[in-house]
Amino acid sequence: KIYLLFDTSTSMNGEKFKKLYMAKAVAIEYLRRVSREKPQIYFRTFHSEIGELAKASTRDEIHDLIEYVSQIKTGGGRITYIGDAVVKAIEDSKSDPELEQAEILVMTDGFGPIPKDLKDQLGDIKLHVLLIPDLDIEKILQLYPTRRAWEEGGPDGTRPMPAFWKYYSHKPPPMILDGDDLSKEG
């Protein structure tokens, strides 16, 4: 049982690298492979709003879901409510016996606000995040030409962001995410 949350925020368009296409390819290949195993798939899109729940367990339903995923477009809001989407999946899982023991898989390109007590809300539910970054290799190599440069935080030790990421925050991401850092500003 997998509850797939699929990011359709505008940032999934990317700059040179179209993250939406990569996310679609991964989701479609995953669905194609599990269609042979009689899975139970639950699917929602999210951006600044959370999409409708789709369920698929038969080959035909999974084929329809693959068709739906192939047609997904981006759009919606300036903030990606990843936390709200995960909380909705948790609520669905706890209120619907069919969803019991479903693992949550989030496909996204970045961070968004999450509740401080998300870990407590999850309880025994497993949460997996597949991060689809802006894979502009030239930018990444300029910032971090070697692994050591990454470990040291790049040119000025602050782990700077490529210009596109500054759409979300003018502060670089923290060197380490610890405790409450995930729910603080930025």
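Residues numbered from 1 in each chain as written. Predicted model: local features only at pLDDT ≥ 70, side-chain atom pairs only at ≥ 80, totals over all residues. Heavy atoms only, no water.

Quick look at the pairing of strand β2 (residues 41-46) now. Two faces belong to every sheet, and in a regular strand the side chains alternate between them. Burial within β2 is extensive, with six of its six residues counted as buried. The side-chain alternation of β2 yields two buried faces, one formed by Ile-41, Phe-43 and Thr-45 and the other by Tyr-42, Arg-44 and Phe-46. Relative to strand β3 (residues 54-56), β2 runs antiparallel, the two being bridged by three bridges. Paired with Phe-43 across the strands is Ala-54, a residue of β3. (Buried < 20%, exposed > 50% of the residue type's maximum accessible area, 1.4 Å probe, protein only. Helix = DSSP H or I, 4+ residues; strand = E, 2+ residues; numbered from the N terminus. Pairing = 2+ DSSP bridges.)

The interhelical angle for the contact between helix α1 (residues 19-34) and helix α2 (residues 59-71), taken along N-to-C directions, is 175 degrees, at an axis separation of 10 Å. The angle between α1 and α2 falls in the class roughly antiparallel. In this structure, α1 uses Lys-24, Ala-27, Ile-28, Leu-31 and Arg-32 to contact α2, whose residues at the interface are Ile-62, Leu-65, Ile-66, Val-69, Ser-70 and Gln-71. Per-class residue counts for the contact of α1 with α2 are seven nonpolar, two polar and two charged. (Axes fitted to C-alpha atoms, helices over the stretch in contact; angles between N-to-C directions. Parallel < 35°, antiparallel > 145°, perpendicular 65-115°, else oblique. Contact = heavy atoms within 4.5 Å. Nonpolar A, V, L, I, M, F, W, Y, C, P; charged D, E, K, R; others polar.)

Here we come to the side chain of Thr-108. Its location among the elements puts Thr-108 in strand β4 (residues 103-108). Discounting residues that sit within four places of it in the chain, Thr-108 has contacts with Asp-7, Met-12, Phe-46, Ile-82, Val-129, Leu-130, Leu-131 and Ile-132.

Moving on, we come to α2. Over its 13 residues, α2 extends 19 Å from the first C-alpha to the last, a length consistent with the 18 Å expected when each residue adds 1.5 Å. For α2, the full list of buried residues reads Ile-62, Leu-65, Ile-66 and Val-69. Projected down its long axis, α2 carries its buried residues within an arc of 105 degrees, all on one side. Opposite the buried face of α2, by more than 90 degrees, sit the exposed residues Asp-60, Asp-64 and Gln-71. For α2, the elements touching its buried residues are α1, β2 and β3. (Expected span 1.5 Å × (residues − 1). Arc of directions from axis to C-beta.)

This next bit is on the side chain of Ser-35. With respect to the helices, strands and loops of the structure, Ser-35 is situated in the loop between α1 and β2. If near-sequence neighbours (up to four positions away) are discounted, Ser-35 is found in contact with Arg-59 and Ile-62.

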